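The chain contents come next:
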Amino acid sequence: MPLKVYNTLGSRREEFEPLDDSYVRMYVCGPTVYDHPHIGHAKSYVSFDAMVRYLRYLGYKVTYVQNITDVGHLTDDADEGEDKIAKRAARERVDPMELVEKYTRSYFEDMDALNCLRPDISPRASGHIPEQIEIVKTLLERGFAYEVNGSVYFDVSRFSAYGKLSGRKLDELAAGARVEVNPDKKHPADFALWKKAEKGHILRWNSPWGWGYPGWHLECSVMATRYLGETIDIHGGGLENAFPHHECEIAQSEAAHGKPFAKYWLHNNMVTVDGVKMGKSLGNFITLKDAFARHHPLCLRYFVLTSHYRSPLDFSEEAIDAAARGLQRIHNAVAAVRQALQGASEPQGGNDVERLREIERFRERFEEAMNEDFNTPQAIAVLSDLVRWTNQLLASGAPGAAALEKLKSAFDTLGADVLGIVTDTLVGQEAPGGLEGRLVDILIDMRAEARKAKDFKTADAIRERLEKVGVELMDTPEGTTWKRA
RNA sequence: GGCGGCGUAGCCAAGAGGACUAAGGCGACGGAUUGCAAAUCCGUUAUCCGCGGGUUCGAAUCCCGCCGCCGCCUCCA
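About the thresholds
- The residue numbers shown here count from 1 along each chain, following its written sequence.
- Chain A is the first chain written and ligand 1 is the first ligand written, with later ones labelled in order.
- pLDDT decides what is reported in this predicted model: residues at 70 or higher carry local features, side-chain atom pairs at 80 or more are listed and counted, and totals for whole chains, interfaces and linings draw on all residues regardless.
- By convention in this description, side-chain values take in all heavy atoms of the structure and omit both hydrogens and water.
- Paired rings are identified among Phe, Tyr and Trp, the last through its six-membered ring, by centres lying within 6.5 Å, and are further divided according to the angle between planes into stacked (under 30 degrees), edge-to-face (over 60) and tilted (the rest).
- Strands here are runs of E lasting at least two residues and helices are runs of H or I lasting at least four, both read from the DSSP assignment and numbered beginning at the N terminus.
- Burial classification: accessible surface area is computed with a 1.4 Å probe over protein chains only, and a residue below 20% of its type maximum counts as buried, one above 50% as exposed, and the rest as partly exposed.
- These domain boundaries are the output of an automatic or database domain assignment.
- Residues forming no salt bridge and having over 30% relative accessible area are the ones grouped into patches, like charges within 9 Å of each other and nonpolar side chains (Val, Leu, Ile, Met, Phe, Trp, Tyr) within 5 Å.
- Using a 1.4 Å probe, accessible areas were evaluated by the Shrake-Rupley method; residue-level cover was limited to the displayed protein chains.
- Definition used for salt bridges: Asp or Glu carboxyl oxygen within 4 Å of a side-chain nitrogen of Lys or Arg.
- Counted charges follow a simple rule, with Lys and Arg positive, Asp and Glu negative, and His plus the chain ends left uncounted.
- All charge positions are set by atom: Lys at NZ, Arg at CZ, Asp at CG, Glu at CD.
- Two residues qualify as a contact provided that any one of their heavy atoms is within 4.5 Å of a heavy atom in the partner residue.
- When DSSP finds two or more bridges between a pair of strands, those strands are recorded as paired.
- Axis definition: a line fit to C-alpha positions, over the contact stretch in the case of helices; interaxial angles, taken between N-to-C directions, run 0 to 180 degrees.
- What sets the label is the angle itself: under 35 degrees gives roughly parallel, over 145 gives roughly antiparallel, 65 to 115 gives roughly perpendicular, and the rest give oblique.
- All residues other than Ala, Val, Leu, Ile, Met, Phe, Trp, Tyr, Cys, Pro, Asp, Glu, Lys and Arg, Gly among them, are scored as polar; the first ten of these are nonpolar and the last four charged.

Enquirer: How would you explain the packing of aromatic side chains if you had to name every residue and give the values?
Expert: By the definition in use, this model includes 15 aromatic pairs. Residues Phe 16 and Tyr 60 carry aromatic rings whose centres are separated by 5.8 Å and whose planes lie at 85 degrees to one another, so their mutual orientation is edge-to-face. Here Tyr 60 lies in the loop between α1 (39–57) and β4 (61–66) and Phe 16 lies in the loop between β2 (12–15) and β3 (23–28), a separation of 44 residues in the sequence. Here Phe 16 falls in the buried class, since its relative accessible area comes to 5%.

Structure below.
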């Protein structure tokens, strides 16, 4: 069964067929780095990360480009707007490029914690100003743009396909415009390709039209083309950017190159907090660093993947706690398999041939789920079924090494490689060594003595007091183990 | 005002005309196991998919109306 994806361009589910048989060119809009990343970034980039991982699992070679927006853009489309990066840099009293560097690092740090693979290329907008100037020149030459007072605007009336992504109509846009119409524009929907730098605007570059800076839609067109070509397979981004950002990207790129810009447009839905949209300008955003202080990053990742990327995700502490327990269950099973494998001497157990076939069935179900527009919630449901099956197997006797190997491999590919929710170090399994570990071991020994003497009062007291300081003891047939609660 | 989306058990969340007498997770309850716990296993927890009509042999899934919520139309993942 082939992979199907929901294409915003056309608003329907389509079979995925890249331009080249085995190669996928993928571009995803990256962050504007003027603050620490928040949980909205987690939803977006975890979703696209899972897609990249799955495409690679299917055997595609994927070049994944995700830009870093480090050129300040105006807070609105009128000329009054402030440059967010310059504004923040002034507030922190650092050079804009220093600010941008700081938050770029912060961004990668958090994405690494979420186990997102680094993009193959993370181009910065500020490093591609010459290319942006070039495309503006091309658009002027081809008659799709006009210059007014040192600024250049895209002439939307010359591009008849404008609106094909978002379904907007030009006359409706004019009528509903909330922003005061810029008198320099011929049409209210015309957008800036190049903006003249007003006095005091720090981030500026020289151009054929004087000192200025690029319009905010331009960088993605330019960097996608530079690294992936004039037509790419997948362009991803947040739903809120479908209009106007992506619509404008299409207009610029297709007007400049005369060919389709992207074959598939994939948009992830938004994060809400207590049912309300979380947005930078709303000031109600939760940074990932705050969230990580309360939840293991992998739990956040798992939480994101338990809902579909095109559904909104409502963030709440309770929901994440529930997700954390769900992930713990998976990790427990993976740990159990790894442990059983160490002790497995028989190459093959009694029913291993049938078991291998059953494990293969789980893999097929998993792929069926992912093939339906990257249905990670359903894929996780399959993984949960596999967890139950694994626990039953482990409890019911002696599986051979062959079955255990196959199970390990299933968790390693589906859980680790594709979903990225299983890692080498598992949540809640570590019993740290060092002085702390040796002290806990002493207490465990003392408790074992008490239990042996049927002094359960002492034994339970030790366990309860350890629990109060965050150490959880677990009695197993092989002895007592512990972990940080 | 225009455009788009959503409403499934206590909670989160799949399913998009017939394998649905509706996945999976969390929670709760009962049982097995355990000295007691934890982990694990077994069972129960939506006669029903916002409400009202309609189409169909058949609808959570399609159509119409209503109610509620959300997003976009201004920077945002």
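Enquirer: Can you break down the domain arrangement of chain A residue by residue, with the values?
Expert: What the domain assignment reports for chain A is domain 1 (4–142 + 158–168 + 217–268), domain 2 (298–418) and domain 3 (434–484). Computed over C-alpha atoms, the centres of domain 2 and domain 3 are 30 Å apart.

Enquirer: Quick one: what's the story with a negative patch on the surface, residue by residue and with numbers?
Expert: Residues Asp 274, Asp 314, Glu 318 and Asp 321 make up a contiguous surface patch of negative charge. Tracing the backbone shows Asp 321 in helix α10 (residues 317–343). Residue Asp 321 is classed as partly exposed on the basis of its relative accessible area, which comes to 34%.

Enquirer: Please give an account of the side chain of Thr 63 that cites residues and values.
Expert: Relative to the elements of secondary structure, Thr 63 occurs in strand β4. A residue is classified by how much of its surface remains accessible, and Thr 63, at 10% relative accessible area, is buried. Here Thr 63 is in contact with Tyr 23, Val 24, Arg 25, Met 26, Asp 120 and Leu 228, once residues within four sequence places are set aside.

Enquirer: Mind laying out the sheet that holds β3, listing which residues take part and the relevant values?
Expert: Ordered by their spatial adjacency, four strands build an open sheet running β4-β3-β9-β10, and the pairing between neighbours is parallel. Every interior strand has two partners, whereas the edge strands, β4 and β10 (262–268), have only one. Each neighbouring strand pair of the sheet contributes to a mean axis angle of 20 degrees, computed without reference to strand direction. Sheet topology places β3 next to strand β9 (residues 232–238); three bridges connect them, and they run parallel. When the bridges of β9 are listed, Val 28 appears paired with Gly 236. Packing of helix α6 (residues 218–228) onto the sheet brings it into contact with β3, β4 and β9, and relative to β3 it is tilted by some 160 degrees.

Enquirer: Give a detailed account of unusual backbone geometry, specifying residues and quantitative values.
Expert: Omega for the bond connecting Phe 243 with Pro 244 falls within 30 degrees of zero, at 0 degrees, which places this linkage in the cis form. Topologically, Pro 244 is positioned in helix α7 (residues 242–257). If you check the backbone angles, Ser 11 has positive phi at about 50 degrees while not being a glycine.

Enquirer: So what's going on with the packing of α1 against helix α9 (residues 297–305)? Residues and values would help.
Expert: Packing of α1 against α9 brings their axes to within 9 Å, and their N-to-C directions diverge by 75 degrees. On the basis of the axis angle, α1 is roughly perpendicular to α9. Seen from α1, the contacting residues are Ala 42, Lys 43, Val 46, Ser 47, Asp 49, Ala 50 and Arg 53; seen from α9, they are Arg 301, Val 304 and Leu 305. Split into classes, the residues belonging to the contact of α1 with α9 amount to five nonpolar, one polar and four charged.

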